[in-house]
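Structural description and commentary
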Amino acid sequence: MGSVERVAHVACVGAAAICFAMAAPFVARADTVSDSAPAGMATQVFDIGPQPLASALLRFSEATGIQLFFDATLARNVSSPGARGTLSPQDALTRLLAGTGLSYRFTNATTVTLQKATAAAGQPADAVQLAPVVVQGARPETATGPVKGFVAHQSATATKTDTPLLETPQAISVISRDQIRAQNAQTLNEAVHYSPGVASNSVAVDSRFDAIRVRGFATPIYLDGMLLPTDPSRFAQMRVDPFGLERAEILRGPSSALYGQLPPGGMINLVSLRPTPEPVHTVEFQGNSFGRLQAGVDVGGPLTEDGQFLYRLTGLVHRGGTQIDHADDNRNMIQPAITWRPDSDTTLTLLGQFQNDWAGIGTQFLPAQGTLLFNPNGVLPTSAFVGEPNYNSFHRTQFWAGYQFEHRFNDAVTVRQNLRYASVDTRLESLAGAGLQPNLFTLNRLVYLVPQTARNFTMDNQAQVKFATGPLSHKMLLGFDYVYSGVNTQQGLGPAPPLQNIFNPVYGQPVTVPNITVSTLQKQNQYGLYLQDQIALDRWRLTLSGRHDWVDTTTEDYMAHTVSGQAATAFSGRVGLNYVFDIGLSPYVSYSSSFQPTIGTTFSGTPFQPTRGQQYEVGLKYQPPDLNVSANLAAFRLVQQNALTSDSGHPGFTVQSGEVTAQGIEFDAAATLARGFNIIGSYSFLDAKVTQSNGTDLGMQVTGVPQHQGSLWSNFVVQEGRLRGLGFGAGFRYIGLSYGDAANTLMLPGYVLVDAMMSYELGELNPKLEGAKVALNASNLMDTRYVALCTSGAACFYGASRQVTLTLRYSW
């Protein structure tokens, strides 16, 4: 073997993705590399269309994991004819380079050098003069980065460190951007439809907030690992559009050991789109069967040639109708991000968003008679609107800005600080149904005025240290976080004229705007100190997490002219053990706890204690090393204590003797077996009951929580032949029966929904259209009419009816 002499300063952008080697020109002699590819390289499906050579080589590298070394100037202004079909990597590379004047050499099984097919003038026949070199390879998955297909391998939601899912002792689902796009999910509720243990199908159109339950409990929404502002009534809640997300992650079970106050069911953490070293350019246009039009743009990449500054700019606008009459839905959203990497050990990413929503109220309080139950006057349509068009609006303005900073001192020590300020202002003006009169067609109504604001400031400081003690390897995380929340709640409620005939509504009755009768300001400070140690011994993985929280809450009642305060402290922990087999099988067992402050006092004036949750979970995870497949099975028993229940000795007051128990099993599997083929499936059984109570709900199922749920989805893109580029997809969702009242007298039957999609890569028609794609998605294809949720006999809500959406997307 010959030698290569050079003097270079290498600056890498991304994790082994693209490296610019700023070097003096050097000579690579032909005897330093082999002339042929390693023997036995398997064939695989390639679908790389005609495009600029640099981007074609990147797609080749992502598909094969092979790193490409080449002169940056060789790919400039050069096009590749592409490579499609079932090919070996060397055959695919030969096709990609056809007509470019370049050849390749394998230096080893995973590295290829590109060069001119003939030597430059004045150089030896076995040498090539190189300018600055580009190393291009597949970027390994990170906890916040893109997921190829539907199968994720890394996450930080459960541990706050970049950890393989196989080594995480807790059930977690990752919904990738590819899955969101394939299923055309336009809300977070829709994005989680195919996840186990999640109830998200409660209301057809809700412009106010995402209502999601995990393992039977309402679930808070986090963004990039930090809590988003919300208020107890949930009106002043941020709504994050899936168009601006890289992934959505559902962490099931108590998680206070790292995050502080949380309900025991778990949490949802959304991961924002971030700048990437690879250029991103996408525009898309949509229209659906309810008349809604949408346009979106997502662009990003390096701002400077050395890759020190990266950017991402995502924006979306939509206008138009919904399933509900007189309830349009409109949005303007812009989401910028900038990353600064002054060196390979330091990263600072600035993240922000501004969003303005204005819509009609899609949440219609319908009576059980005429939706769920028989009504001699008929059946209400799924588009039924029971308010007044001239008093029917919801406005939201939300904003956040913050940063995520990381510095690595060496291979062992890394520090991080994540900080964000967020605010949301909402105003609701609406009439709501309040039950039928005895004639069963005249609907009583109430009028609401609800202006609210919520603000929060979050800061999370982390120090991560890797070290060894004898045969044990440690990844220890020490953190301190602070969350300030301020919520101003106002509400006016009054009588409104009844709707004379709900089956043949006539609108236009005068509405008297109610006076504000509730006005409070609640401020809360949460301080948390946490410690986690991820210990490895051979194939064993032990995770130990503990956290102590201090929470103080002040409530000022502007109407009563009173100020009250409340303080709580709590310790929460988690211990989990995995054994990771070489074949990708990982059984685990874990215990975790949670707490959540409860505002108020008993009859005697004693402040309420926080609710507490404890969970035992056993599970099995499977991700074989040679297949892009994932399967997870979990069984759990979860108990929430200190829940509020009526005080039988003092009517109108409550005590903390309530208890809720949830136990069940969850299964989910996903596979991306070849480019364009994905499949996911899930099933969950959840028995969530009130096990201690002074009310009629004792021993009853928790309302709105189905016992059985199942789903299956698959999509495929034809790779060869005349139909190449044509995609198909279909899925079904089964949601079992649930109950709509605490006494379980109002039963909601189960139902099955069918979704479908078709798509076509327009570049197959004309190479000039390479990167353009058209897709047609249909949710609830059979237009099944079903009641998704009831909270009483006067408040039932239809689920989403059939919606067909046409999408035109162009990426370059």
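Residues numbered from 1 in each chain as written. Predicted model: local features only at pLDDT ≥ 70, side-chain atom pairs only at ≥ 80, totals over all residues. Heavy atoms only, no water.

Things to note about the sheet that holds strand 15 (residues 172–176)
Pairing within the open sheet is mixed, and its five strands lie in the order 15-21-22-19-20. Among the strands making up the open sheet, the edge pair consists of strand 15 and strand 20 (226–227). Judged from the five bridges that link them, strand 15 and strand 21 (residues 245–252) form a sheet pairing that is antiparallel. The partner of Val 174 across the bridge, within strand 21, is Glu 249. (Pairing = 2+ DSSP bridges. Helix = DSSP H or I, 4+ residues; strand = E, 2+ residues; numbered from the N terminus.)

Considerations on the packing of aromatic side chains
For the structure shown, the criterion picks out 14 aromatic pairs. With a centroid separation of 6.0 Å and an interplanar angle of 70°, the aromatic rings of Tyr 194 and Trp 713 are classed as edge-to-face. On the criterion of sequence distance, the pair formed by Tyr 194 in the loop between helix 4 (188–191) and strand 16 (198–199) and Trp 713 in strand 40 (residues 708–717) is long-range, its members being 519 residues apart. For Tyr 194, a relative accessible area of 7% corresponds to the buried category. Centre to centre, the rings of Phe 309 and Trp 340 are 6.1 Å apart; their planes meet at 10°, and the pair counts as stacked. (Phe/Tyr/Trp six-rings, centres within 6.5 Å; stacked < 30°, edge-to-face > 60°. Buried < 20%, exposed > 50% of the residue type's maximum accessible area, 1.4 Å probe, protein only.)

A few points about the pattern of salt bridges
Applying the stated criterion to the full structure yields 29 salt bridges. In this structure, Glu 764 engages Arg 724 in a salt bridge whose closest nitrogen and oxygen atoms are separated by 3.2 Å. With Glu 764 in the loop between strand 44 (751–761) and strand 45 (772–779) and Arg 724 in the loop between strand 40 and strand 41 (726–735), this residue pair connects regions lying 40 residues apart in the sequence. Through salt bridges that share partners, Lys 160, Asp 460, Asp 481, Arg 547 and Asp 549 make up one connected network. (Salt bridge = Lys/Arg side-chain N within 4 Å of Asp/Glu carboxyl O.)

Overview of the sheet that holds strand 18 (residues 217–218)
Ordered in space as 16-17-18, the three strands form an open sheet in which the pairing is antiparallel. Both outer strands of the open sheet, strand 16 and strand 18, are each paired with one neighbouring strand and no more. Where strand 17 (residues 213–214) meets strand 18, two bridges bridge the pair, whose relative direction is antiparallel. When the bridges of strand 18 are listed, Arg 213 appears paired with Ala 218.

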